[in-house]
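Here's the letter readout for the chains.
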Amino acid sequence: MSSEHALVIATYSQRMRLRLADGAEVDARIKGKRLRPVCGDRVTATAIDKETDWLITAIGPRDNELTRPNVRGRVEVLAANIDYLVAVAAAEPRADWFIIDRYLCAAELMNVPAGVIFNKIDLDGDAPATRSELDTYASIGYDTASCSAETGAGIADVQRLFENRCGIIVGQSGVGKSSIINRLRGEALQKTAAVSGKTREGRHTTVNSVMISLPGGGAVIDSPGVRDYAPAMASSRMAAVGFREIVSLAVGCRFANCRHLREPGCAVKDAVERGTMAARRYESYKRIVNLTNQLSQGRSPG
Ligand code: GDP
Ligand code: ZN
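None of the values given here were measured: they were computed from a predicted structure. (Residues numbered from 1 in each chain as written. Chains lettered and ligands numbered in written order. Predicted model: local features only at pLDDT ≥ 70, side-chain atom pairs only at ≥ 80, totals over all residues. Heavy atoms only, no water.)

Draft legend 1. Broad picture of the site of ligand 1. Near ligand 1 you find 16 residues, and of these Asp-122, Gly-174, Lys-177, Ser-178 and Ser-179 are the closest. Taking Asn-119, its side chain carries an N or O atom lying 3.2 Å from a nitrogen atom of ligand 1. For ligand 1, an oxygen atom lies 2.8 Å from a polar atom in the side chain of Ser-178. About the coverage of ligand 1: the protein hides 71% of its 580 Å² of free accessible area. Here the shell around ligand 1 takes 3 residues from helix H4 (residues 177–185), the largest share from any one element. (Near = heavy atom within 4 Å. Polar contact = N/O pair within 3.5 Å; in protein donor to acceptor, adjacent residues only side chain to side chain. Areas by Shrake-Rupley, 256 points an atom, 1.4 Å probe, with all protein chains shown as cover. Helix = DSSP H or I, 4+ residues; strand = E, 2+ residues; numbered from the N terminus.)

Draft legend 2. Local environment of the packing of helix H1 (residues 97–110) against helix H2 (residues 128–139). Between H1 and H2, the least distance of the axes is 12 Å, while the angle of their chain directions is 20°. Classified by the angle their axes make, H1 and H2 are roughly parallel. With respect to the hand of their crossing, H1 and H2 are arranged in right-handed fashion. Across the interface between the two elements, Trp-97, Ile-100, Asp-101 and Leu-104 from H1 touch Thr-130, Glu-133, Leu-134 and Tyr-137 from H2. Looking at the contact of H1 with H2, its residues break down into 5 nonpolar, 1 polar and 2 charged. (Axes fitted to C-alpha atoms, helices over the stretch in contact; angles between N-to-C directions. Parallel < 35°, antiparallel > 145°, perpendicular 65-115°, else oblique. Left-handed = near helix turned anticlockwise from the far one by under 90°. Contact = heavy atoms within 4.5 Å. Nonpolar A, V, L, I, M, F, W, Y, C, P; charged D, E, K, R; others polar.)

Draft legend 3. Expanded view of unusual backbone geometry. Note that the residue after Glu-92, namely Pro-93, is joined by a cis bond; omega there is -5°. In the Ramachandran plot, Lys-50 falls in the positive-phi region, its phi being about 60° despite a non-glycine side chain. When you line up the elements, Lys-50 lands in the loop between strand S4 (42–47) and strand S5 (54–59). With a phi close to 55°, Asn-164 is a non-glycine residue in the positive phi region. Within the element layout of this structure, Asn-164 appears in the loop between helix H3 (155–162) and strand S11 (166–171). The exposed category is assigned to Asn-164, whose relative accessible area is 66%. (Buried < 20%, exposed > 50% of the residue type's maximum accessible area, 1.4 Å probe, protein only.)

Draft legend 4. Highlighting the coordination of the zinc ion (ligand 2). At the metal site, the zinc ion (ligand 2) is ligated by Cys-253 (SG), Cys-258 (SG), His-260 (ND1) and Cys-266 (SG), and these contacts range over 2.1 to 2.4 Å. Every donor counted, the 4 donor atoms about the zinc ion (ligand 2) form angles of 103 to 116° at the centre, which fits tetrahedral coordination. For the zinc ion (ligand 2), all donor residues lie on one chain, and their spacing in sequence is C-x4-C-x1-H-x5-C. By relative accessible area, His-260 is classed as buried at 3%. (Donors = N, O, S within 2.8 Å, 3.2 Å for Na, K, Ca; no water. Tetrahedral: all angles 85-135°; square planar, octahedral: opposite > 155°, others 65-115°.)

Draft legend 5. Fine view of helix H8 (residues 267–274). Of the residues making up H8, those classed as buried are Ala-267, Val-268, Ala-271 and Val-272. Seen end-on, H8 carries its buried residues on one side only, within an arc spanning 140°. For H8, the exposed residues lying more than 90 degrees away from the buried face are Glu-273 and Arg-274. Two residues or fewer after H8 comes Gly-275, characterised by a positive phi angle close to 85°. (Arc of directions from axis to C-beta.)

Draft legend 6. Broad picture of the pairing of strand S7 (residues 75–80). Note: strand S6 (residues 65–69) against S7, 5 bridges, orientation antiparallel. Bridge pairing in S7 places Thr-67 opposite Val-77. Between S6 and S7, which pair antiparallel one after the other, the connecting turn spans 5 residues, and Gly-73 there sits at a positive phi close to 85°. (Pairing = 2+ DSSP bridges.)

As structure tokens, this is what we get:
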């Protein structure tokens, strides 16, 4: 029996789908109960005599993890080794840029580059308000693209964002994430690999996440758990790390531990007053600080 390096491309309740070094895909299970591989993990696996299942014997070190607190308040890893995060907003449901900022905040905390996609431009062509928000994101270094998964307009720009990397797609329900993925795959009605997983697995129907290879290189991780992801932060101090323009402005604050709220000599507040930092982004920062404070107070009474 020889061991091979493999990539976890889908996780079901107790089973995994692996891609081996030669590109072949196999089903696998875990040796023992302690290993918890997730989509994107690089693992060591061994073929089992007279069985189609492979056995995962080790998980390689992770570059990063996308986590969220589960219902019991414990941290659950949804995917690993992500190269890129794409946050989707749309003409309908009405774009909520505060939610987009929370996703971008998550990307910053994971230390991965990110982009913002505005979908359904067939419904709302080039509204000045949307353009101005996208310009703000572009000015602080995020990729931006506008598209219509319905008509295909702008999809080539979206495709370029995923080129040669493994991206994860997030955004409010209904903004068109599945439709965008289907467009990228060029298969309008295919409802992703999750379905083939379902039929193959029979009773084990819980699909946690799946990595979908895109024509032209690159991949997108689609996960029911990831879709409506927003970061839960241990401390409101981490919120500042999630706003890249605040990180660069903060070096000019009078106090090294400035929280950019009511402190004098705050370079962030100055920038907002002078209009060099977007007021809406600053508002977003304050909301995340408040939200995190409320949550942490709720958890530890007194
Ligand atoms: P998800 O919840 O983010 O995965 O969103 P879906 O992909 O399921 O799309 C939600 C609805 O929006 C569906 O009815 C789609 O047909 C529709 N939709 C998706 N993209 C577009 C678009 O570019 N234009 C229009 N008009 N509708 C779209
Ligand atoms: Zn400050």
